[in-house]
Amino acid sequence: MQGYKNVERVKPSGLELVDRLVAVNRVTKVTKGGRTFGFSAIVVVGNGEGVVGYGSGKSLDVASAIAKAVEEAKKNLVRIPLISATLPHEQKGKFGGSKVLLLPASHGTGVIAGGAVRAVLESVGVHDVLSKSQGSSNPHNVVKATFDALLQLRSPQQVAAERGISLDKVFNG
């Protein structure tokens, strides 16, 4: 979450956060006594009103891996600018081999997105959006690429302040 301008971090206290499990992966460690199976989980938490975070956890059983992931996600909450249940502008995000394209959509379109991207966007509270995930479909990288795109979003107020012009001029030129 470093390296982004205008990122507003949020404290989890007093928020109605809903967690969504994106993926659980069984991992194996081979030792001289045999194989040890563990689990890694990636979770997205959000309040449906522009606050979202993600986390990953590892443990020997699924329940504690998910619990660890939720705890980490609550430590990484950020606020995303939304305009009436969609995004302010189109944005591309990239992480590792995953690329994600997010496009704002008109009212009534719904969330048109694949699994990992859909989990993130629904947790944010976006109701109308088009998206395309390209490259690697690894859920960890897709979630991080989606966050890369979301953290680059700027509200019209931020654009007006950066350019030193009125909000009316941002839309009408």
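Below, the structure is looked at part by part. Just so we're clear, the structure is a prediction, and the values are computed from it rather than from any experiment.

1. Description of the environment of Val 117
Then comes step 1: Looking at the element boundaries, Val 117 is found in helix α2 (residues 115-124).
Then comes step 2: The residues contacting Val 117, other than those within four sequence positions of it, are Val 100, Leu 102, Ser 131, Ser 133, Val 142 and Thr 146.

2. What to know about helix α3 (residues 139-151)
Then comes step 1: The end-to-end C-alpha separation of α3 is 18 Å, in line with the 18 Å expected for 13 residues at 1.5 Å each.
Then comes step 2: With 10 of 13 residues buried, α3 lies mostly within the body of the structure.
Then comes step 3: Listing the buried residues of α3 in full gives Asn 141, Val 142, Val 143, Ala 145, Thr 146, Phe 147, Asp 148, Ala 149, Leu 150 and Leu 151.
Then comes step 4: Two or three places before His 140, at the start of α3, stands the capping residue Asn 138, its side-chain oxygen 3.0 Å from that residue's backbone nitrogen.

3. Some details on the packing of aromatic side chains
Each aromatic ring pair is described using two quantities: the centre-to-centre distance and the angle formed by the ring planes.
Then comes step 1: In this structure the tally under the stated criterion is 1 aromatic pair.
Then comes step 2: Geometrically, the ring pair formed by Tyr 54 and Phe 147 is tilted, given 4.7 Å between the ring centres and 55° between the ring planes. Pair noted here: Tyr 54 is in strand β4 (residues 51-59) and Phe 147 is in helix α3, with a separation of 93 residues, a long-range link. An identical accessibility class is assigned to Tyr 54 and Phe 147; each is buried.

4. Structural notes on a nonpolar patch on the surface
Then comes step 1: On the surface, a cluster of nonpolar side chains totalling about 210 Å² of accessible area is made up of Leu 21, Val 24 and Val 62.
Then comes step 2: Relative to the helices and strands, Val 24 is located in strand β2 (residues 18-31).
Then comes step 3: Relative accessible area serves as the criterion here: at 37%, Val 24 is assigned to the partly exposed category.

5. Description of the environment of Leu 101
Then comes step 1: Here Leu 101 lies in strand β7 (residues 98-104).
Then comes step 2: Residues Leu 101 and Leu 151 lie 50 residues apart in sequence; the distance between their C-alpha atoms is 13 Å.
Then comes step 3: Not counting residues within four places of it along the chain, the set of residues in contact with Leu 101 comprises Gln 91, Lys 92, Leu 130, Ser 131 and Lys 132.

The rules we used
- Residues numbered from 1 in each chain as written.
- Predicted model: local features only at pLDDT ≥ 70, side-chain atom pairs only at ≥ 80, totals over all residues.
- Heavy atoms only, no water.
- Helix = DSSP H or I, 4+ residues; strand = E, 2+ residues; numbered from the N terminus.
- Contact = heavy atoms within 4.5 Å.
- Expected span 1.5 Å × (residues − 1).
- Buried < 20%, exposed > 50% of the residue type's maximum accessible area, 1.4 Å probe, protein only.
- Polar contact = N/O pair within 3.5 Å; in protein donor to acceptor, adjacent residues only side chain to side chain.
- Phe/Tyr/Trp six-rings, centres within 6.5 Å; stacked < 30°, edge-to-face > 60°.
- Patch = residues over 30% accessible without salt bridge, like charges linked within 9 Å, V, L, I, M, F, W, Y side chains within 5 Å.
- Areas by Shrake-Rupley, 256 points an atom, 1.4 Å probe, with all protein chains shown as cover.
- Salt bridge = Lys/Arg side-chain N within 4 Å of Asp/Glu carboxyl O.

By themselves, these figures tell us nothing about what the structure is for.
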